[in-house]
Amino acid sequence: MGTLQIILMVILGLCSIIMIISILLQSSNSAGLSGSIAGGAEQLFGKKKSKGYDGILSKITVVAAVLFICLSLAIVTLFN
């Protein structure tokens, strides 16, 4: 195992842990089937969660997911 491969694997592990924690800390969008039917109007007309705690967690999740996918592809292409 080369040094670059070890560094990329450590970063991949940290990225996956950050992604798991940020997903678990997010609040749920709806409460079952009734929430999914009535929740569509709330998402369309109001209750924007782009700011605040949920918005920050959402952005962290997206960044961690993109890094996870890119690092996984880089590890597979470089070391196989």
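Let us look at the structure shown here. The structure presented is a predicted model; accordingly, all values stated were derived computationally and were not measured.

By secondary structure assignment, the location of T61 is in helix 3 (residues 53–79). Polar side-chain contacts of T61 include one of 2.8 Å to the side chain of Q26. In this structure T61 touches M19, S22, I23 and Q26, once residues within four positions along its chain are discounted.

This paragraph deals with the packing of helix 1 (residues 3–25) against helix 3. Direction vectors running N to C along helix 1 and helix 3 enclose 150°, while the axes themselves pass 8 Å from each other. With respect to their mutual orientation, helix 1 and helix 3 come out roughly antiparallel. Between helix 1 and helix 3 lies a crossing whose hand is left-handed.

So, on to the state of the cysteines. Each disulfide is one covalent bond, formed between the sulfur atoms of two cysteines. Tallied over the full model, the rule gives zero disulfides. In this model C15 remains outside any disulfide bridge; the closest cysteine sulfur is found in C70, 9.4 Å from its own. Accessibility expressed as a relative area gives 7% for C15, which makes it buried. Using a relative accessible area of 45% as the deciding quantity, one classes C70 as partly exposed.

Conventions used here
Residues numbered from 1 in each chain as written. Predicted model: local features only at pLDDT ≥ 70, side-chain atom pairs only at ≥ 80, totals over all residues. Heavy atoms only, no water. Helix = DSSP H or I, 4+ residues; strand = E, 2+ residues; numbered from the N terminus. Polar contact = N/O pair within 3.5 Å; in protein donor to acceptor, adjacent residues only side chain to side chain. Contact = heavy atoms within 4.5 Å. Axes fitted to C-alpha atoms, helices over the stretch in contact; angles between N-to-C directions. Parallel < 35°, antiparallel > 145°, perpendicular 65-115°, else oblique. Left-handed = near helix turned anticlockwise from the far one by under 90°. Disulfide = S-S within 2.5 Å. Buried < 20%, exposed > 50% of the residue type's maximum accessible area, 1.4 Å probe, protein only.

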